[in-house]
Amino acid sequence: MAVKESVFPFNRFGAIDTILGPEMKSTGEVMGIDVNFGAAFWKSQLARGRTFPRRETFFSGVKNRDKRNVVFIAKKLSDLGFKIYATKGTGKVLVNNGIEVQFINKVSEGRPHIVDMIKNNEIHFIINTPGGKDTKADGVLIRSGAVQYKIPYTTTLSGAQAVVNAIDVMKRGSISVRALQDYYR
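Predicted model only: the values in this text are computed from it and were never measured.

Chemist: For this particular structure, what's the right way to read the sheet that holds strand S5 (residues 102-103)?
Modeler: Two modes of strand pairing occur in sheets, parallel and antiparallel, and in both the strands are linked by backbone hydrogen bonds. Taken together, the five strands give an open sheet; going across it, the order is S5-S4-S3-S6-S7, and neighbouring strands pair in parallel fashion. Strands at the two margins of the open sheet, each flanked by one partner only, are S5 and strand S7 (153-154). By the bridge criterion, three bridges tie strand S3 (residues 57-61) to strand S6 (residues 126-128) in an arrangement that is parallel. Directly across from Phe59, in S6, lies its bridge partner Ile126.

Chemist: Can you help me understand helix H1 (residues 37-47) in this one?
Modeler: A turn of α-helix holds 3.6 residues, and therefore any two residues three or four places apart point the same way. The element H1 is largely enclosed, with a buried count of eight among its eleven residues. Turning to H1, its buried residues are Gly38, Ala39, Ala40, Phe41, Trp42, Lys43, Ser44 and Gln45. Of the residues flanking the start of H1, the one acting as N-cap is Asn36, its side-chain oxygen 3.2 Å from the backbone nitrogen of Gly38. Downstream of H1 by a residue or two, Gly49 has a phi angle that is positive, lying close to 90°.

Chemist: Please explain the side chain of Thr87 as it appears in this structure.
Modeler: Relative to the assigned elements, Thr87 resides in the loop between strand S4 (83-86) and helix H3 (88-96). Of the polar contacts made by the side chain of Thr87, one reaches the side chain of Thr90; its length is 3.4 Å. In this view, Thr87 contacts Phe59, Ser60, Gly61, Phe103, Ile104 and Lys106; residues no more than four positions away in its chain are not counted.

Chemist: Can you walk me through the environment of Arg48 in this structure?
Modeler: If you trace the backbone, Arg48 turns up in the loop between H1 and S3. For the pair Arg48 and Glu5, spaced 43 residues apart in the sequence, the C-alpha separation amounts to 7.6 Å.

Thresholds, definitions, all that
- In this convention, every chain numbers its residues from 1, walking through the sequence in written order.
- The predicted origin of the model limits local features to residues at a pLDDT of at least 70 and limits the giving and counting of side-chain atom pairs to 80 or more, whereas totals for whole chains, interfaces and linings rest on all residues.
- Side-chain numbers here rest on the full set of heavy atoms in the structure, without hydrogens or water.
- Pairing between strands is defined by DSSP: at least two bridges between the two strands are required.
- Each helix is a run of DSSP H or I of at least 4 residues and each strand a run of E of at least 2, with the numbering of both proceeding from the N terminus.
- Accessibility here uses a 1.4 Å probe with only protein chains present; expressed as a share of the type maximum, an area under 20% marks a residue as buried, one over 50% as exposed, and anything in between as partly exposed.
- We define a polar contact as two N or O atoms separated by no more than 3.5 Å, with the added condition that, inside protein, one atom must be a possible hydrogen donor and the other a possible acceptor, whereas residues neighbouring each other in sequence contribute only through side-chain atom pairs.
- Contacts between residues were defined by any pair of non-hydrogen atoms, one from each residue, lying within 4.5 Å.

If you want it as structure tokens, here you go:
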């Protein structure tokens, strides 16, 4: 399995929104290869300089359309030992599906809020899918805080699932390094 990843220099620009637009260009590409997707994805992320959460707290704030689909991802992270923080809307969906959640305010709802937790190094992985106009300002603050404080994050559920696969592989310690030529013998 091979995973190719684009590299974007978000950390060089300070507090910017990391949602990709048509005008954005990558500064390069990297690739990870392994026998399964989780390990290949892990390698691709390491090659681009992205770390994975070692401590186990994660935040989820997703748009309404993604709430039902984030349940499986949150359940897997819970099974992997992660403590889950979520906004009220996302958290209610998770609780209704039997997942233990700690509720945290959006920035617009007052303190303490998710950006405070990011700054205090209390969150170690973020799933934040951009929503409509009402949630845009909060999302920008969350994503720019993640970049500033070097917290792994994703803005899509497919990206979140890939990260969960990589964390699962990492926790099992089943990653190896082989020469490219060894894959084609």
